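Structural characterization, general
Here are the chains, one letter per residue:
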Amino acid sequence: MSWEDEKSTNRFLKAGNYAVRGYRIIRKAKDGKVWHISTMGPEIKLFRVEAGKETRLDISSEIVVNSGLMTKKGTVQVSMEISGENRSGLSIYAGGKRIPIGYEVFDSKGNLNASGSMTYG
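What counts as what
- Residues numbered from 1 in each chain as written.
- Predicted model: local features only at pLDDT ≥ 70, side-chain atom pairs only at ≥ 80, totals over all residues.
- Heavy atoms only, no water.
- Helix = DSSP H or I, 4+ residues; strand = E, 2+ residues; numbered from the N terminus.
- Rg over C-alpha atoms; globule rule 2.2 N^0.38 Å.
- Buried < 20%, exposed > 50% of the residue type's maximum accessible area, 1.4 Å probe, protein only.
- Contact = heavy atoms within 4.5 Å.
- Areas by Shrake-Rupley, 256 points an atom, 1.4 Å probe, with all protein chains shown as cover.
- Lys, Arg positive; Asp, Glu negative; His and termini not counted.
- Charge placed at Lys NZ, Arg CZ, Asp CG, Glu CD.
- Core = buried A, V, L, I, M, F, W, Y, C linked by side-chain atoms within 4.5 Å.
- Phe/Tyr/Trp six-rings, centres within 6.5 Å; stacked < 30°, edge-to-face > 60°.
- Pairing = 2+ DSSP bridges.

**Focus: the overall build of the chain**
The helix and strand tally for the chain stands at zero helices and eight strands. Going from N to C terminus, the chain has its helices and strands arranged as β-β-β-β-β-β-β-β. On C-alpha atoms alone, the chain measures out to a radius of gyration of 19 Å, which is more than a quarter above the 14 Å that the 2.2 N^0.38 rule sets for 121 residues. Viewed in the frame of its principal axes, the chain has a C-alpha envelope of about 65 × 35 × 20 Å. For the chain, the residues scored as buried account for 21% of the 121 residues in total. Long-range pairs, those at least 24 residues apart, make up 42% of the contacts in the chain with a sequence separation of at least 6. Working note: accessible area of the chain is about 9,500 Å², and carbon and sulfur atoms make up 49% of it. Taken together, the 19 basic and 13 acidic charged side chains of the chain have centroids lying 4 Å from each other.

The structure is reproduced here in structure tokens:
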């Protein structure tokens, strides 16, 4: 079910228990570029609809980035997890395209050892 069309912001559901399995939040930047995040997960948020009552569903627009680094025999492995509400898998888009996530790896003296960008999703 989608609420992207401004005419459909009020939807009526039968009374019962529901689970959000994905969501998309769209924002327009000051420069006019459209950004959005898109998520998927088995049970991002559970909610109940009761007959004759309004149910408000709040979804966080927070993005959590967890990264890790492992070295082995002179190689560096960089890992990254990007998630939204309830650790749902999240992708970030700008202008309709998924954006790569840049990274830099520094040693203890502040020297740049590696850099690049990761694709995901």
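**Describing the nonpolar core**
With twelve residues, the main nonpolar core is built from V20, Y23, I25, I37, I44, F47, V49, I82, L90, I92, I101 and Y120. Where this core is concerned, the elements lending two or more residues are β1 (16-28), β2 (34-49) and β5 (89-94). Among residues more than four places away in sequence, those in contact with V49 are L13, K14, A15, G16, Y18 and T55.

**Considering the packing of aromatic side chains**
Applying the stated rule across the entire model yields one aromatic pair. Seen from their ring centres, Y18 and F47 are 5.5 Å apart, and the 20° between their planes marks the pair as stacked. Of this pair, Y18 sits in strand β1 while F47 sits in strand β2, placing them 29 residues apart in sequence.

**As for the pairing of strand β7 (residues 101-106)**
Successive residues of a regular strand alternate their side chains across the two faces of the sheet. With six bridges connecting them, β7 and strand β8 (residues 112-118) associate as antiparallel partners. Residue E104 lies in a different strand from β8, and its bridge partner there is S115. Two successive antiparallel strands, β7 and β8, enclose a turn made up of five residues, where G110 displays a positive phi of approximately 90°.

**Focus: the environment of K72**
When you line up the elements, K72 lands in strand β3 (residues 64-72). A residue is classified by how much of its surface remains accessible, and K72, at 57% relative accessible area, is exposed. Spatially, the C-alpha atoms of K72 and S61 are 36 Å apart, while their sequence positions differ by eleven residues.

**Describing the side chain of S83**
Looking at the secondary structure, you find S83 in strand β4 (residues 75-83). Here S83 falls in the buried class, since its relative accessible area comes to 4%. Setting aside anything within four residues of it in sequence, one finds S83 in contact with E62, I63, V64, S88 and L90.

**Structural notes on unusual backbone geometry**
A positive phi angle, close to 55°, is found at N86, a residue other than glycine. Structurally, N86 is set in the loop between β4 and β5. When its relative accessible area of 53% is taken as the criterion, N86 is described as exposed.

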